[in-house]
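Working through the structure, step by step
One letter stands for each residue in the lines below.
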Amino acid sequence: MTINDAYNKGKKLLQQSNIVNPSLESEILLLHVLNIDKKQFILYRKQSKIPFLKLLKFLFLIKKRQKGKNLFHLIKKVNFYGLDLIVDKNVLIPRPETEELVEILLKKMDQNKKYSILEIGTGSGCIPAVIAKNHGNIRIDAIEKNKKALKIAKKNLQLHYIGNQKVNLLNIDIFKFNSSKKYDIIISNPPYIASDETKILLKNKTVSDPYISLNGGTDGLDFYRLFKNICIKNLNKRGFMIFEHGMGQRSKILEIFNDEIFNIEFYNDMSDIDRVIIVKRKL
Ligand SMILES: C[S@@+](CC[C@H](N)C(=O)[O-])C[C@H]1O[C@@H](n2cnc3c(N)ncnc32)[C@H](O)[C@@H]1O
């Protein structure tokens, strides 16, 4: 059987199980099993035979995917803003929307300035890893409540040779954070789904991320109420906070951040959904 035959077989099986993008997923799993890149796949797929054991492994992964296992949990990695990162069931799989959050932040940063940064809810460590790779003069305190996620973040920082003088991982529950340290930038992609909705999404296997990474409390807004206090206590006078939020939450978050104290900017994502807010203290 050629690599192309295996690809088509995988695609057909995924199609039968109503996977939304069977061709892409068959390709991703095949590249993973063969440890080749897309260019090699295109060049050799028609003439090269797939080794039997690799074919078995590929079909094994396809079967797991058909049973509903998350694609990224199967290959245990994801690409986030150009960086390959390790992921597992203990971390939220980094999303393209968060790449947009990081993109907005990087555009705001001046390469000649030094920044002290606080990141809240680091998960896989995707956000500090990308900032550290794209700015030479930063010091990030990255907070995470879930110890198992923090282990993955540590692995990802090691994978990309990012030392703790640049990114300091801290096992802290942000609701118990009582530091008065001031930061130039505070960034977060917090849990923002209402508790009841989170339970339904997980039950229906619409998502397969940890509950703690999704649950934003009764109305999904617990973290934003806390962020207001953190901005008052921990932001440098000329600093700013930037964070992601869920669809339709913009107006509710604007109500939380009383505009007599804060200047507010907001952004939509590539699908034109309200997604990112930046707040600054009025001077
Ligand atoms: C939506 S995920 C974001 C993960 C990662 N920053 C990303 O963008 O892919 C939110 C993260 O916040 C963490 N978290 C939840 N509650 C927390 C708390 N009280 N204190 C600190 N971190 C918390 C979760 O474990 C999870 O890793």
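What you see is a predicted model; the values in this text were computed from it and never measured.

A short note on the side chain of Ser-188
When you line up the elements, Ser-188 lands in strand β6 (residues 183–188). Taking relative accessible area as the criterion, Ser-188 reaches 0% and is therefore assigned buried.

A word on the packing of helix α2 (residues 22–34) against helix α4 (residues 52–66)
Where α2 meets α4, the axes come as close as 10 Å, and the angle between the chain directions of the two elements is 140°. With respect to α4, the element α2 is oriented oblique. The two elements α2 and α4 cross, and the hand of that crossing is right-handed. Side by side, α2 and α4 meet where Glu-25, Ser-26, Leu-29, Leu-30, His-32, Val-33 and Leu-34 of the first sit next to Lys-54, Lys-57, Phe-58, Leu-61, Ile-62 and Arg-65 of the second. Considered class by class, the residues forming the contact of α2 with α4 number 7 nonpolar, 2 polar and 4 charged.

Some thoughts on the domain arrangement of the chain
The domain boundaries assigned to the chain delineate domain 1 (3–74) and domain 2 (77–281). Listed per partner, the contact involves 4 residues of domain 1 and 7 residues of domain 2. Of all residues in domain 1, the largest losses of buried area upon contact with domain 2 belong to Asn-70, Phe-72 and His-73, amounting jointly to 79% of the total for that side. The interface formed by domain 1 and domain 2 holds 1 residue pair in polar contact (both at pLDDT 80 or more) in total. Its residues assigned to classes, the side of domain 1 that touches domain 2 shows 1 nonpolar, 3 polar and no charged.

Brief notes about a nonpolar patch on the surface
A contiguous nonpolar patch, built from Phe-52, Leu-53 and Leu-56 and spanning about 360 Å² of accessible area, is present on the exposed surface. Considering the arrangement of structural elements, one finds Leu-53 in helix α4.

So, the packing of helix α6 (residues 96–108) against helix α7 (residues 126–134)
For the pair α6 and α7, interaxial distance at closest approach is 11 Å and the crossing angle is 35°. Judged by the sense of rotation from one axis to the other, the crossing of α6 with α7 is right-handed. Touching Thr-98, Leu-101, Val-102, Leu-105 and Leu-106 of α6 are Ile-127, Val-130, Ile-131 and Asn-134, all from α7. Taken together, the residues of the contact of α6 with α7 break down into 7 nonpolar, 2 polar and no charged.

Let's talk about the pairing of strand β2 (residues 83–86)
Side-chain alternation along β2 places Leu-83 and Leu-85 on a buried face and Asp-84 and Ile-86 on a face that remains uncovered. With 4 bridges connecting them, strand β1 (residues 77–80) and β2 associate as antiparallel partners. Bridge assignment links Val-78 to a residue of β2, and that residue is Leu-85. The hairpin formed by β1 and β2 contains 2 residues between the paired strands, and Tyr-81 there has a positive phi angle of roughly 50°.

With respect to the sheet that holds strand β3 (residues 115–120)
The 7 strands are arranged β5-β4-β3-β6-β7-β9-β8 in an open sheet whose pairing can be described as mixed. In the strand order of this sheet, the two ends are held by β5 (167–171) and β8 (262–268), each with one partner. Between one strand and the next, the sheet's axes are offset by a mean angle of 15°, whatever the strand orientation. Pairing between β3 and strand β4 (residues 138–144): 6 bridges, direction parallel. Of the residues in β4, the one forming a bridge with Glu-119 is Ala-142.

What to know about the site of the ligand
Neighbouring the ligand are 22 residues; Gly-121, Glu-144, Asp-173, Ile-174 and Asn-189 lie closest to it. One of the backbone nitrogen or oxygen atoms of Thr-122 is found 3.3 Å away from a nitrogen atom of the ligand. Out of a free accessible area of 600 Å², the ligand has 97% covered by protein chains. Contributing elements (two or more residues each) for the shell around the ligand: α7 and α10 (211–214). When grouped by side-chain class, the residues that make up the shell around the ligand number 11 nonpolar, 7 polar and 4 charged.

Focus: the nonpolar core
In terms of nonpolar packing, the biggest core is built from 35 residues, with Met-109, Ile-117, Ile-131 and Ile-242 touching the most fellow members. Considering each element in turn, this core owes the most residues, 6 residues, to α7. Dropping the residues within four chain positions of it, Ile-131 is found in contact with Leu-105, Leu-106, Met-109, Ile-117, Ile-138, Ile-140 and Ile-187. One finds Ile-120, Tyr-183, Leu-235 and Phe-257 within the second-largest nonpolar core, a separate group that totals 29 residues.

Observations concerning the packing of aromatic side chains
Counted according to the given criterion, the structure contains 8 aromatic pairs. Taking the centre distance of 5.6 Å and the plane angle of 50° together, the rings of Phe-227 and Phe-243 count as tilted. With Phe-227 in helix α11 (residues 222–234) and Phe-243 in strand β7 (residues 235–244), this residue pair connects regions lying 16 residues apart in the sequence. Among the aromatic residues, ring-to-ring pairing joins Phe-175, Phe-223, Tyr-224, Phe-227, Phe-243, Phe-257 and Phe-262 into one connected group.

About the criteria used
Residues numbered from 1 in each chain as written. Predicted model: local features only at pLDDT ≥ 70, side-chain atom pairs only at ≥ 80, totals over all residues. Heavy atoms only, no water. Helix = DSSP H or I, 4+ residues; strand = E, 2+ residues; numbered from the N terminus. Buried < 20%, exposed > 50% of the residue type's maximum accessible area, 1.4 Å probe, protein only. Axes fitted to C-alpha atoms, helices over the stretch in contact; angles between N-to-C directions. Parallel < 35°, antiparallel > 145°, perpendicular 65-115°, else oblique. Left-handed = near helix turned anticlockwise from the far one by under 90°. Contact = heavy atoms within 4.5 Å. Nonpolar A, V, L, I, M, F, W, Y, C, P; charged D, E, K, R; others polar. Domains from an automatic or database assignment. Buried area = accessible area lost by both parts, 1.4 Å probe. Polar contact = N/O pair within 3.5 Å; in protein donor to acceptor, adjacent residues only side chain to side chain. Patch = residues over 30% accessible without salt bridge, like charges linked within 9 Å, V, L, I, M, F, W, Y side chains within 5 Å. Areas by Shrake-Rupley, 256 points an atom, 1.4 Å probe, with all protein chains shown as cover. Salt bridge = Lys/Arg side-chain N within 4 Å of Asp/Glu carboxyl O. Pairing = 2+ DSSP bridges. Near = heavy atom within 4 Å. Core = buried A, V, L, I, M, F, W, Y, C linked by side-chain atoms within 4.5 Å. Phe/Tyr/Trp six-rings, centres within 6.5 Å; stacked < 30°, edge-to-face > 60°.

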